[in-house]
Amino acid sequence: MSSKKYRSLAVVVDSYYPEITSAALQMEQLVTALATQAQNLHVFVPRELQNRLVEVEKSNNKTIHYFKMVKPAGNKRIRRFFYEFLMPFRMAYRLHKMSLWPKKLDGVVFYSPSIFLSPLILLIKLRYGCKSFLILRDLFPDWLVDLGMLKKRLIFLFFKGFEYLQYIVSDFIGVQSDSDLLVIKRRIRFFNCETFVMPNWITIDNQFTFKKVVSQSSSAIREFKIVYAGNLGTSQNIQAIKTVIDVAQGHGITITFISRGDRLEELQSYVTQKEYKH
């Protein structure tokens, strides 16, 4: 999409502020930036803690549509599958049933994962005749196969179908690395869409400063600290993280985890069992 001023844009995501995920943080900052490029900006996102089926919050030229959907807790993959699969259909149904469709849209941006948003994107494109921009951050389901968690059987083909559907409905695709770009270009060689590298982004406050700490004495004991801030799920390779923890214990390295995810309890149990203190 060009840098011209759009009349109306939409953003479709499955995670948004105040959720504490990297995707939610980046999308909130992207929405803030897009609000300066559009006269009207609409955000469609599921949210769990609310009373009504759809709650609409307006601020200046930004309208956020929160759709009540209860996310499955813990490591319940089947429930999570049905939650994500039904999500775009439930959102589309409520938009239609409650007459919440925007009057006009000139473009729509959506974020993957989840790979299941494409039915809603297709409906938006057909309804408004607009173009779409896919922010691709996950080559799902390939990484499941790489980790040995999924066999190339019927369910794999089902997931691949939705993966390719999101490419089919996209006019532009932004990936986060040159290696991903090579993969995507091969996969969409028969599709009419543009691709390019779109690195992750973050807005740094003007008051944010970096401080360099230098030891005042060459004989001083130096501490080496590592902070891991991110998800602890299946795709993070928990076994590799356990190995890093084991190695760190023997070298006086302190690791702090600021995390959540369906493998967090497993890691906590492992640390407790090993009686690690750092």
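Being a predicted model, the structure only gives us computed values, none of them experimental.

1. Side note on unusual backbone geometry
Here comes step 1: Here Pro-113 and Ser-114 are connected by a cis peptide whose omega angle stands at 15°.
Here comes step 2: On the secondary structure map, Ser-114 appears in the loop between strand S5 (107-112) and helix H3 (118-128).
Here comes step 3: Across the junction of Phe-140 and Pro-141, the peptide omega takes the value 10°, indicating a cis bond.
Here comes step 4: Of note, Ser-99 is a non-glycine position whose phi angle comes to about 55°, a positive value.
Here comes step 5: Relative to the helices and strands, Ser-99 resides in the loop between helix H2 (77-97) and S5.
Here comes step 6: Of note in the backbone geometry, Glu-275 takes a positive phi value of approximately 60° without being a glycine.
Here comes step 7: Here Glu-275 is to be found in the segment after helix H8 (264-274).
Here comes step 8: By relative accessible area, which is 68% here, Glu-275 ends up exposed.

2. Describing the pairing of strand S8 (residues 194-197)
Here comes step 1: In the sheet, strand S7 (residues 172-175) pairs with S8 via four bridges, with the strands oriented parallel. Across the sheet, Ile-173 pairs through a bridge with Thr-195, a residue of S8.
Here comes step 2: Between the parallel elements S7 and S8, the chain passes through helix H6 (residues 178-187) in a crossover that is right-handed.

3. Observations regarding the pattern of salt bridges
Opposite charge on two side chains makes pairing possible when the charged atoms of those side chains draw close.
Here comes step 1: Per the counting criterion, the structure on display carries 10 salt bridges.
Here comes step 2: Of the charged contacts in the structure, one is a salt bridge between Lys-125 and Asp-171, with a shortest N-O distance of 2.9 Å. A residue pair is termed long-range when its members are at least 10 positions apart, and Lys-125 in helix H3 and Asp-171 in the loop between helix H5 (154-168) and S7 qualify at 46 residues.
Here comes step 3: Judged by its relative accessible area of 18%, Lys-125 falls in the buried class.
Here comes step 4: On the basis of relative accessible area, Asp-171 is assigned to the buried category, the value being 18%.

Parameters and conventions
Residues numbered from 1 in each chain as written. Predicted model: local features only at pLDDT ≥ 70, side-chain atom pairs only at ≥ 80, totals over all residues. Heavy atoms only, no water. Helix = DSSP H or I, 4+ residues; strand = E, 2+ residues; numbered from the N terminus. Buried < 20%, exposed > 50% of the residue type's maximum accessible area, 1.4 Å probe, protein only. Pairing = 2+ DSSP bridges. Right-handed = clockwise from strand over helix to strand, strands pointing away. Salt bridge = Lys/Arg side-chain N within 4 Å of Asp/Glu carboxyl O.

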